[in-house]
Amino acid sequence: MAETSGENHDVELGGHWSPRDCLARSRVIIIIPYRDRLDHLKRWLHHYHPILKRQLLDYRVVVTEQYGNGIFNKGRIMNAAFLECRKAYRFDCVIFHDVDMLLENDLNMYVCGNDTTPKHLSPAVDQFHYKLFYLGLVGGVLAIPVNTFVKVNGYSNQFWGWGGEDDDMWERFVAVNATVKRPPLTIGRYTMNKHASRRGQANYTMIYPLLKTSRSRMRSDGLNNISYSLVTVKLHRLYTHLVFDVDTSAS
Ligand code: UDP
Ligand code: MN
């Protein structure tokens, strides 16, 4: 897939980098859900590696893809990537990152901070006129301390198609009293790459009832009941690429 490297020859195979002359404050895994957006992925890699290095992070970029052409389930491939990363790497902060979101202000630090609170890094997106679209928005770019992600049992596995798993995550945070932090709108600014709208793929008759049961469901729907198989692992120059079969027959 995307092999742009250029100035990033110092990035380790698999998309890992850490500062040589100091100890990074945080170890971060960035998980990017991906399907058929190669241009966006190339742009992402080109844009972020220099920024993440300047921020002196110990970070790894992980692209998670769903095997086959079945209906997309972003929650499942993000959960599966998290669980596989936990087996293989040590990290304290996970950042879930849409592939089309390009940060504009690199004062926006890609770390979780010292407390247990999640941080929604992307409150100001060009498409929404750089205003927070709604209070419970945690889509786009979301940093979560590993312990907090485990505490909320990860993402729901039940959202198929488009949308919902992020709003469900907000409800999970509320349930465990994890107040979501955000950078100021002047700092949390992003450009979203153009793509066709997927809103037509939203199944609102599935989404709305599920969002009513988020808090009662969270204990039994997430990291602890996901079924998947890891189909391939490939270490690319600038990222680790995981492909998961997430069992589209089940819901
Ligand atoms: N995504 C993808 N290919 C798809 C659909 C989704 O790679 O066909 C990933 C990608 O990271 C994308 C994210 O899921 O940024 C959210 O999807 P999308 O951008 O379509 O959602 P929207 O911008 O409408 O919220
Ligand atoms: Mn998008």
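What you are looking at is a predicted structure, and each value in this text was computed from that prediction instead of being measured.

## Comments concerning the pairing of strand β9 (residues 189-192)
Looking along a regular strand, one sees the side chains alternate between the two faces of the sheet.
Right, so step 1: Along β9, the buried face is formed by Y190 and M192; none of R189 and T191, which line the opposite face, is buried.
Right, so step 2: With three bridges connecting them, strand β5 (residues 101-103) and β9 associate as antiparallel partners. Along β9, the bridge assignment pairs L102 with T191.
Right, so step 3: Summarising the sheet, strand β7 (residues 124-125) and β9 pair through two bridges and their orientation is parallel.

## Observations regarding the side chain of N157
Right, so step 1: For N157, the location among the structural elements is in the loop between α3 (146-151) and α4 (165-175).
Right, so step 2: A polar contact of 2.9 Å, which involves the side chain of N157, links it to the backbone oxygen of G222.
Right, so step 3: Apart from the residues lying within four places of it in its own chain, the contact partners of N157 are N73, R76, N79, D221, G222, N225 and I226.

## Remarks on the coordination of the manganese ion (ligand 2)
Right, so step 1: Around the manganese ion (ligand 2), the donor atoms from the protein are D100 (OD) and H195 (NE2), and they sit 2.0 to 2.3 Å away. Here D100, found in the loop between β4 (93-97) and β5, pairs with H195, found in the loop between β9 and α5 (204-212); they are 95 residues apart in sequence, far enough to count as distant.
Right, so step 2: For D100, a relative accessible area of 4% puts it in the buried group.

## Thoughts on the UniProt feature "domain: Galactosyltransferase C-terminal" (unreviewed entry) in the protein chain
Right, so step 1: Under the feature "domain: Galactosyltransferase C-terminal" (unreviewed entry), the UniProt entry names residues 119-195.
Right, so step 2: End C-alpha atoms of residues 119-195 are separated by 26 Å, and the span's content is 22% helix alongside 17% strand.

## With respect to the site of ligand 1
Right, so step 1: The environment of ligand 1 is made up of 13 residues, and the closest members are P33, R35, V99, D100 and R198.
Right, so step 2: Take W162: an N or O atom from its side chain is 3.0 Å from an oxygen atom of ligand 1.
Right, so step 3: Here an oxygen atom of ligand 1 and a side-chain polar atom of R198 are 3.1 Å apart.
Right, so step 4: Contact with the protein chains covers 86% of the free accessible surface of ligand 1, which is 510 Å².

## Quick look at the environment of H97
Right, so step 1: In this fold, H97 is placed in strand β4.
Right, so step 2: Overall, the relative accessible area of 0% leaves H97 in the buried class.
Right, so step 3: Along the sequence, H97 and V28 sit 69 residues apart, while their C-alpha atoms lie 12 Å from each other.
Right, so step 4: Apart from the residues lying within four places of it in its own chain, the contact partners of H97 are I30, I31, I32, P33, W44, Y48, Y110, G140, V141 and Y190.
Right, so step 5: Within the structure, H97 has its side chain in polar contact with the side chain of Y48 (distance 3.3 Å).

Thresholds, definitions, all that
Residues numbered from 1 in each chain as written. Chains lettered and ligands numbered in written order. Predicted model: local features only at pLDDT ≥ 70, side-chain atom pairs only at ≥ 80, totals over all residues. Heavy atoms only, no water. Buried < 20%, exposed > 50% of the residue type's maximum accessible area, 1.4 Å probe, protein only. Helix = DSSP H or I, 4+ residues; strand = E, 2+ residues; numbered from the N terminus. Pairing = 2+ DSSP bridges. Polar contact = N/O pair within 3.5 Å; in protein donor to acceptor, adjacent residues only side chain to side chain. Contact = heavy atoms within 4.5 Å. Donors = N, O, S within 2.8 Å, 3.2 Å for Na, K, Ca; no water. UniProt positions renumbered as here; feature names shortened; annotations may be inferred. Near = heavy atom within 4 Å. Areas by Shrake-Rupley, 256 points an atom, 1.4 Å probe, with all protein chains shown as cover.

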